[in-house]
Amino acid sequence: METDQEPYVPLASLRQLHQVMAEMNTARSQADTLQIVADGAVGALGYEMACVNLVRPDGDLVVAAVSGNSAAEALITGRTGSRESWDRRLGMGELWGDLVFIPHTEGWVLDDDDVPQWYSDGPAPRFPEEWHPGDRLFAPMYAPGAQGGARGGLLGVISVDRPVTGRRPGAWGREALQMYAFQAAIAISNAHLRANMQRALVRLERDQQALRASEESFRQSFEYAPSGMAIAEMGGDQHGRILRTNDALCRLLGRPASAMRRYSFSDLVHPEDIGTLMRTSAEGGRAELRLARRDGSYVWVSLRNSVVADAADGPRFLLTHVEDIEERKGRELQLAHRASHDSLTGLPNSAELRSRLAARLCRRPAHLDPLESLDAAYGHPAGSGDAHGFDFGPGAEPYDAFDHHVHTVAPEQGPDDGTKGLAVLFCDLDGFKSINDRFGHNAGDAVLIEVARRLSGGVRDGDTVARLGGDEFVILADGLGQADAADLAVRLRGEIIQPIRAEGRAVRVGASFGIGWAHCGMTADEVLKSADERMYVEKRSRPKQHRRAG
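These lines cover the structure that appears in this document, whether it is placed above or below. As the structure is a prediction and not an experimental result, all values here were calculated from the model. All residue numbers refer to position in the chain's written sequence, counted from 1. At least 70 in pLDDT is required for a residue's local features to be given in this predicted model, at least 80 for side-chain atom pairs to be given and counted, and no such filter applies to totals for whole chains, interfaces and linings, which use all residues. As a rule here, side-chain values cover all heavy atoms of the structure and leave hydrogens and water aside.

1. Let's talk about the overall build of the chain
The helix and strand labels rest on DSSP assignments: H or I over at least four residues marks a helix, E over at least two residues marks a strand, and numbering proceeds from the N terminus. Check the secondary structure of the chain and you find 18 helices and 18 strands. By the burial criterion, 44% of the 550 residues in the chain qualify as buried. Every residue pair with non-hydrogen atoms within 4.5 Å of one another is taken to be in contact. Considering only contacts in the chain between residues 6 or more positions apart, those separated by 24 or more positions represent 59%. In this description, accessible areas are obtained by the Shrake-Rupley approach with a 1.4 Å probe, and a residue is regarded as covered only by the protein chains that are shown. Total accessible area computed for the chain in this model is approximately 29,700 Å², and 52% of it derives from carbon and sulfur atoms. Buried residues are those whose accessible area, probed at 1.4 Å on protein chains only, stays under 20% of the maximum for their type, while exposed residues exceed 50% and partly exposed ones sit between those limits.

Below you can see the structure in the form of structure tokens.
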């Protein structure tokens, strides 16, 4: 009796193979089908190990099931090999019908490619037909073609290792593996089709339940609510897409209901408020933000979310209440602007100036030695015995632990070394009091308004021009060196000394500038006091008769 050419096949083996094929076609899921295919190659076909490599939508092949070796299963399951590497393998070696056998004498070139592999140990073969640990045998699985037509595309590959006989499979073994791969391809295709049909049925049922829930539970209160209402999808790729709106919301945004269904709230929100919308929770979330009207303008609204589900805890939706708060928000913004800006010039006032300046400063000393600077940059307090721990103790400063604040530094006194810093220019008008005394406060106000306009026009967009009070102004200009700050002061003085029309007459004022530098370790008041003192030094250094002329 021969076992490799025309073998005697026990009836039990045929029954086992038939049983495996039946189980493949009755598995409950695609994952179960794939595992049965791998287990059958080991249990029914007599290989020590088998892997099922499945083609993904992107064309690469993933190890979807492994049988016969638990260590290999833990190592390579879920790993992916590129389609290019697999095409190379299937084009090598010897063709045994649809099977591809790559002997160890050729397969060594594949050891370093990206296909997940498991290397089995074993002695070198003693006979020509004995299986070598480096041999490879692949059974491609192709999608079933139309009746009488060519086969379809590649579905996957069954890879097997070391027949239990220790010999390369003979004619019957090859035929059995090829037939098995053909039946496995049919089972996998059917499992995929069943999964798609089940998902389609689930989606259909959920859509029907959602429609009934919205119609039966909310129609009356939704349609006739005096404020805006919207139902939007929750979860999935279409999260936030508007499904339905009431008349009040359509009137508020000036958009018909049919057009609203093309948007999600993220499409309508003001670009500056998108972060607020993303941070608003679905269940009980509230937010105040701006939504776009059809005419391109924006309206302030208050959003309040709640989650809606049907009685069977089926589809879930977002019910969003939209309230018009444009008038209230306008008053709040106006009050906030009045509190932080000068009523005459519209510039930031003293409180806002100090707030902006304080935001750039921290309590870290301005100058550290190199080791301390490096330590502070990485968020560890210099000199601490626990510098690389997480608990810095009760005496730690706010900047000590993992600080992301960008420290403000100042150029050194003396020659300009190219260091850039935050320049603070303190400006005091020369000759302003005489204009107030001679021509009245209306003329003085006109001068202050025009000086504010000229200062604002003479600085960069990111700089701050503030009115400290009376005829004093302060400019914050970041990223300047000593020469840059001096040039800015000269340029602004040149703008100010030009004639100003006030109460029907031309008047002139001069300006004295003091240049201070802000750095961490100082308070806002200390920075302003330093610039003020330097302004008075500059004022006293110029003859009185030349002050008004600048």
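From this point, the discussion proceeds with the structure in view.
2. Re the packing of helix H12 (residues 350-359) against helix H17 (residues 524-541)
Axes are the key here: two packed helices are described by the angle between their axes and the distance separating the axes. Angular values range over 0 to 180 degrees, each being the angle between N-to-C directions of two axes fitted as lines to C-alpha atoms, with helices fitted over their stretch in contact. Between H12 and H17, the least distance of the axes is 9 Å, while the angle of their chain directions is 110°. By the angle between their axes, H12 is roughly perpendicular relative to H17. Residues Leu353, Arg354, Leu357 and Ala358 of H12 form the contact with H17, whose participating residues are Ala524, Asp525, Val527 and Leu528. Here the contact of H12 with H17 is built from residues that sort into 6 nonpolar, no polar and 2 charged. An angle below 35 degrees is treated as roughly parallel, one above 145 as roughly antiparallel, one from 65 to 115 as roughly perpendicular, and anything else as oblique. Polar here means any residue outside two lists: the nonpolar Ala, Val, Leu, Ile, Met, Phe, Trp, Tyr, Cys and Pro, and the charged Asp, Glu, Lys and Arg; Gly therefore counts as polar.

3. Thoughts on the pattern of salt bridges
Definition used for salt bridges: Asp or Glu carboxyl oxygen within 4 Å of a side-chain nitrogen of Lys or Arg. Going through the model one piece at a time under the given rule, you end up with 28 salt bridges. In this structure, the salt-bridge partner of arginine 89 is aspartate 113, at a minimum N-O distance of 3.2 Å. Here the residue arginine 89 occupies a position in helix H4 (residues 83-90), and aspartate 113 occupies one in the loop between helix H5 (104-107) and strand E6 (136-142), the gap between them amounting to 24 residues. If you follow the salt bridges from partner to partner, you end up with Glu288, Arg328, Lys329 and Glu332 in one network.

4. Focus on the side chain of threonine 33
Relative to the assigned elements, threonine 33 resides in helix H2 (residues 30-43). A relative accessible area of 0% means that threonine 33 is categorised as buried.

5. A word on the nonpolar core
Side-chain atoms within 4.5 Å link the members of a nonpolar core, which is a set of buried Ala, Val, Leu, Ile, Met, Phe, Trp, Tyr and Cys residues. Formed by 37 residues in total, the largest nonpolar core has its most connected members in Leu137, Ile158 and Tyr180. At the level of elements, helix H1 (11-26), H2, strand E1 (47-55), strand E2 (61-67), strand E5 (99-102), E6, strand E7 (154-163) and helix H6 (171-223) are the ones that each hand at least two residues to this core. In this structure, isoleucine 158 is in contact with Val37, Cys51, Leu137, Phe138, Ala139, Met141, Tyr180, Ala181 and Ala184, ignoring residues within four places of it in sequence. One finds Cys427, Ile475, Ala485 and Ile500 within the second-largest nonpolar core, a separate group that totals 31 residues.

6. Examining the environment of alanine 232
Structurally, the position occupied by alanine 232 is in strand E8 (residues 228-233). Since its relative accessible area comes to 1%, alanine 232 is described here as buried. C-alpha of alanine 232 to C-alpha of leucine 318: the two residues are 86 residues apart in sequence and 5.0 Å apart in space. Apart from the residues within four sequence positions on either side, alanine 232 is in contact with Gly240, Arg241, Ile242, Leu243, Phe317 and Leu318.

7. Quick notes on the sheet that holds strand E15 (residues 472-480)
At least two DSSP bridges between two strands are required for those strands to pair. Spatial ordering of the open sheet is given by E14-E15-E13-E18, a layout of 4 strands whose pairing is antiparallel. Strands at the two margins of the open sheet, each flanked by one partner only, are strand E14 (464-469) and strand E18 (510-518). Taking each pair of neighbouring strands and ignoring which way they run, the sheet shows an average axis angle of 25°. For E14 and E15, the ladder comprises 5 bridges, and the chain directions are antiparallel. Considered in E15, the bridge of glycine 469 is made with glutamate 472. In this fold H12 packs onto strand E13 (421-430), E14, E15 and E18, with an angle of close to 130° to the strand it touches most, E14. Against the sheet, H17 touches E13, E15 and E18, its axis set at about 140° to E18.

8. What about the environment of aspartate 58?
Among the secondary structure elements, aspartate 58 is positioned in the loop between E1 and E2. Reaching out from aspartate 58, the side chain makes a polar contact with the side chain of arginine 56 at a distance of 2.6 Å. Each polar contact in these results corresponds to two N or O atoms within 3.5 Å; when the atoms are within protein, one needs to be able to donate a hydrogen and the other to accept it, and residues that are neighboring in sequence are counted only if both atoms are side-chain atoms.

9. Notes on the environment of alanine 195
Mapped onto the secondary structure, alanine 195 falls in helix H6. According to the relative accessible area criterion, alanine 195 is buried, its value standing at 17%. Placed 167 residues apart in sequence, alanine 195 and arginine 28 show a C-alpha to C-alpha distance of 9.4 Å.

10. Looking at the pairing of E13
Put simply, side chains in a regular strand alternate between the two faces of the sheet. With 10 of 10 residues buried, E13 is to be regarded as a mostly interior element. Inspection of the sheet shows E13 paired to E15 by 7 bridges, in the antiparallel sense. When the sheet's bridge partners are listed, valine 424 is paired in E15 with leucine 476.

11. Thoughts on the packing of aromatic side chains
Only Phe, Tyr and Trp rings are paired, with Trp represented by its six-membered ring, and only when their centres lie within 6.5 Å; those with planes under 30 degrees apart are stacked, over 60 edge-to-face, the remainder tilted. One pass over the full model with this rule turns up 3 aromatic pairs. For the ring pair tryptophan 96 and phenylalanine 101, a centre distance of 4.6 Å and an interplane angle of 15° mean the geometry is stacked. What makes phenylalanine 101 buried here is its relative accessible area of 0%. Taken together, the aromatic side chains of Trp96, Phe101 and Trp131 make up a single cluster linked through ring pairs. The ring of tryptophan 86 has arginine 89 lying over it, and the distance from NZ or CZ to the ring centre is 5.7 Å. Sitting above the plane of the tyrosine 263 ring, arginine 255 keeps its charged end 5.1 Å from the centroid. Two conditions define a charge located above a ring, namely a distance within 6 Å from the ring centre to NZ of Lys or CZ of Arg, and an angle within 35 degrees of the ring normal.

12. Comments concerning helix H16 (residues 482-496)
Residues spaced three or four apart along an α-helix point in a common direction, a consequence of the helix completing one turn every 3.6 residues. Multiplying 1.5 Å by the helix residue count minus one yields the expected span of that helix. The end-to-end C-alpha distance of H16, which contains 15 residues, comes to 21 Å, matching closely the 21 Å that a straight helix rising 1.5 Å per residue would cover. The inward-facing, buried residues of H16 abut E13, helix H15 (441-457), E15, strand E16 (500-502), E18 and H17.

13. Quick look at unusual backbone geometry
Positive phi values are uncommon outside glycine, yet arginine 162 reaches one of about 55°. Along the chain, arginine 162 falls in strand E7. Phi is positive for glutamate 503, close to 55°, though the residue is something other than glycine. Tracing the sequence through the fold places glutamate 503 in the loop between E16 and strand E17 (505-507).

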